[in-house]
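# Structural characterization, general
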Amino acid sequence: MKNKKTAILLFDLFSNYELSVALSILSQGKKQFDFFGLKDEVISEEYLHAKCTKLLEETIIEEYDSLLIPGCMDLEDIISSERILNFLKKFDTKDMIIASISSSPILLLKAGMLENRRFMAGVIKEELVEEGFTMEQMKNMVDIKELSENYDNIGPCIVDDNILTSVGCNFIQFGIQFGKMLSLDFQPGWYGVNL
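To keep things clear, this report deals only with the structure shown in the data block. Keep in mind it's a predicted model, so treat the numbers as computed, not measured.

What follows covers the side chain of lysine 54. Within the secondary structure layout, lysine 54 lies in strand 5 (residues 54–55). Under the relative-accessibility criterion, lysine 54 is labelled buried at 19%. Those residues in contact with lysine 54 that sit more than four places away from it in its chain are Lys5, Asp34, Phe35, Phe36, Gly37, Glu63 and Tyr64.

Turning our attention to the packing of aromatic side chains. Between two aromatic rings, the relevant description is the distance of the centres plus the angle of the planes. Taken as a whole and judged by the stated rule, the model has six aromatic pairs. Note on tyrosine 17 and phenylalanine 171: the rings are 5.2 Å apart at their centroids and 90° apart in plane angle, and the pair reads as edge-to-face. Placement of tyrosine 17 in helix 1 (residues 17–28) and of phenylalanine 171 in helix 7 (residues 171–181) is noted, with a sequence separation of 154 residues between them. Classification of tyrosine 17 by relative accessible area gives partly exposed; the value is 33%. Taken together, Phe36, Tyr64, Phe87 and Phe91 form an aromatic cluster joined through their ring pairs.

Turning next to the layout of surface pockets. Size it by volume and the largest pocket reaches roughly 560 Å³. What lines the largest pocket is a set of 26 residues, among which Asp74, Leu75, Glu76, Val123 and Leu128 lie closest to the centre. Where the lining of the largest pocket is concerned, the elements lending two or more residues are helix 1, helix 3 (105–110) and helix 4 (125–130). Quantified by volume, the second largest pocket comes out at close to 170 Å³. Every residue along the wall of the second largest pocket is listed here: Leu109, Gly112, Met113, Leu114, Glu115, Asn116, Arg117, Phe119, Glu136, Gln137, Lys139 and Asn140.

With that out of the way, let us pick up the pattern of salt bridges. Taken as a whole, this structure holds 10 salt bridges when the rule is applied. A salt bridge links lysine 39 to aspartate 12; its shortest N-O distance comes to 2.6 Å. Remark: aspartate 12 occurs in the loop between strand 1 (5–9) and helix 1 and lysine 39 occurs in the loop between strand 2 (33–37) and strand 3 (41–43); sequence separation between them is 27 residues. Residue classification places aspartate 12 among the partly exposed positions, given a relative accessible area of 35%. Salt bridges linked by common partners bring Lys5, Asp34, Lys54 and Glu63 together as one network.

With a phi angle near 70°, tyrosine 47 is a residue other than glycine that sits in the positive phi range. The residue tyrosine 47 is located in the loop between strand 3 and strand 4 (49–51) in this model. With a relative accessible area of 67%, tyrosine 47 lands in the exposed category. With a phi close to 65°, serine 102 is a non-glycine residue in the positive phi region. The topology assignment puts serine 102 in the loop between strand 7 (97–101) and helix 3. Owing to a relative accessible area of 9%, serine 102 belongs among the buried residues under this scheme.

Reading guide: rules and limits
- Residues numbered from 1 in each chain as written.
- Predicted model: local features only at pLDDT ≥ 70, side-chain atom pairs only at ≥ 80, totals over all residues.
- Heavy atoms only, no water.
- Helix = DSSP H or I, 4+ residues; strand = E, 2+ residues; numbered from the N terminus.
- Buried < 20%, exposed > 50% of the residue type's maximum accessible area, 1.4 Å probe, protein only.
- Contact = heavy atoms within 4.5 Å.
- Phe/Tyr/Trp six-rings, centres within 6.5 Å; stacked < 30°, edge-to-face > 60°.
- 1 Å grid on protein atoms, 1.4 Å probe; cavity = no way out; pocket = protein on both sides within 12 Å on 5 of 7 lines; lining within 4 Å.
- Points joined across faces, edges and corners; volume = space filled by probe spheres on them.
- Salt bridge = Lys/Arg side-chain N within 4 Å of Asp/Glu carboxyl O.

Structural data, given as structure tokens:
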């Protein structure tokens, strides 16, 4: 895995802070990465301008062993993007490590990549029903309400085989867990949390 890169999906209004620790750990571990987007430049929800290294269609999947996806406040503009869903499906293999935080696991759900997987998402199930998702599709999902009511038993992240999911407030633990799943050499103590 060391010679392969991490693909990072960016889109307008992505949450930059949710990626901060994961990006730092990728850099610490000398793991190369590329930013993929619908266009050359996107603007985060914090108004940071980010240059994408490649467009979604430029993916050469053999160059990557992992995918990192930030969340955002509202997926409405991207949830039905066939370009994004097709990009995500390229990473749908058992040997690809996928890390998805906040609302972004819903993109994986929409792409059909979370069937029979336990996952966490920073959303409320009832609100997703209003958007057309079914309770059957979300049967293995821990939503933000369930997490807040039962955090001690659930923890900051869920790892189901090769897929890591978490919510935005656990971005430090999420980044550390991603680094561990990639077997990177890094110092978790730099981030004030030891896992």
